[in-house]
Structure formats: structure tokens, C-alpha cells
Amino acid sequence: MDKSVFTKNSFEEAADHKKIYDLLSATEQTAAFNTLMAAAFGFVGQAWPKMDKTIFSTRKQHNGTKK
């Protein structure tokens, strides 16, 4: 493992990810987002799961006026 890549940071520096992500291209930001989402929701190495649309429903909005 290349230990020269890592640096000692304060808690504030370690928590400031925006400056790092701003240096990435849009493609690299998308790849980072997909990796983090896969890790957070447990589908690492799998295709992005389809959204379960069966729990959603539509209804007509009532605007409060009577005819």
C-alpha cells in the first residue's frame, strides 16, 4: 500500500470533502456518487436497483373551491 497518498488532517480538514470533489470532473463526480450510494445502500458490484413504484399512488388535487 502506498502510504504517501494519505496525509494527517484535522477533523475539520477531514470533514471538508467539497474542495476535493470540486477538483474532479463531472464524470469522476458521478462515479464517486455511484460508488458511495452503492456502499450506503448495499448493492456494491450489482446493477442500480429499480425503484419500487407500487408503493406510490396518484390522486386528483382539490383546490378548495366549490362549483
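Provided above is the structure to which this section pertains.
Throughout what follows, the structure given in this document is the object of discussion.

About the criteria used
Residues numbered from 1 in each chain as written. Predicted model: local features only at pLDDT ≥ 70, side-chain atom pairs only at ≥ 80, totals over all residues. Heavy atoms only, no water. Helix = DSSP H or I, 4+ residues; strand = E, 2+ residues; numbered from the N terminus. Rg over C-alpha atoms; globule rule 2.2 N^0.38 Å. Buried < 20%, exposed > 50% of the residue type's maximum accessible area, 1.4 Å probe, protein only. Areas by Shrake-Rupley, 256 points an atom, 1.4 Å probe, with all protein chains shown as cover. Lys, Arg positive; Asp, Glu negative; His and termini not counted. Charge placed at Lys NZ, Arg CZ, Asp CG, Glu CD. Phe/Tyr/Trp six-rings, centres within 6.5 Å; stacked < 30°, edge-to-face > 60°. Contact = heavy atoms within 4.5 Å. Patch = residues over 30% accessible without salt bridge, like charges linked within 9 Å, V, L, I, M, F, W, Y side chains within 5 Å. Salt bridge = Lys/Arg side-chain N within 4 Å of Asp/Glu carboxyl O.

### Quick word on the overall build of the protein chain
Here's step 1: Per the secondary structure count, the protein chain includes 3 helices and 0 strands.
Here's step 2: For the protein chain, the succession of helices and strands along the chain, N to C, is α-α-α.
Here's step 3: Radius of gyration (C-alpha) of the protein chain: 21 Å, far over the 11 Å computed for a compact globule of 67 residues.
Here's step 4: Considered along the principal axes of its C-alpha atoms, the protein chain spans approximately 70 × 30 × 25 Å.
Here's step 5: Out of the 67 residues belonging to the protein chain, those deemed buried represent 4%.
Here's step 6: Carbon and sulfur atoms make up 59% of the accessible area of the protein chain, which totals about 7100 Å².
Here's step 7: Taking the average location of the 10 positive side-chain charges in the protein chain and that of its 7 negative ones, the two points are 21 Å from each other.

### Comments concerning the packing of aromatic side chains
Here's step 1: Considering all chains together, one arrives at 2 aromatic pairs under this definition.
Here's step 2: Centroid distance F33 to W48: 6.2 Å. Interplanar angle 25 degrees. Geometry classified as stacked. Of the two residues, F33 is situated in helix α3 (residues 26-41) and W48 in the segment after α3; the sequence distance between them amounts to 15 residues.
Here's step 3: Note on W48: relative accessible area 46%, which makes it partly exposed.
Here's step 4: An angle of 70 degrees between the planes, with centres 5.1 Å apart, marks the rings of F43 and W48 as edge-to-face.
Here's step 5: Through a chain of ring-to-ring contacts, three or more aromatic side chains come together here, namely F33, F43 and W48.

### Some points on the environment of V44
Here's step 1: Assignment of secondary structure puts V44 in the segment after α3.
Here's step 2: For V44 and N34, which are 10 residues apart along the polypeptide, the C-alpha to C-alpha distance reads 9.4 Å.
Here's step 3: The contacts of V44, once residues within four sequence positions are left out, are A38 and A39.

### As for a nonpolar patch on the surface
Here's step 1: Taken together, the side chains of M51, I55 and F56 make up a nonpolar region of the molecular surface, amounting to roughly 380 Å² of accessible area.
Here's step 2: Mapped onto the secondary structure, M51 falls in the segment after α3.
Here's step 3: For M51, a relative accessible area of 55% puts it in the exposed group.

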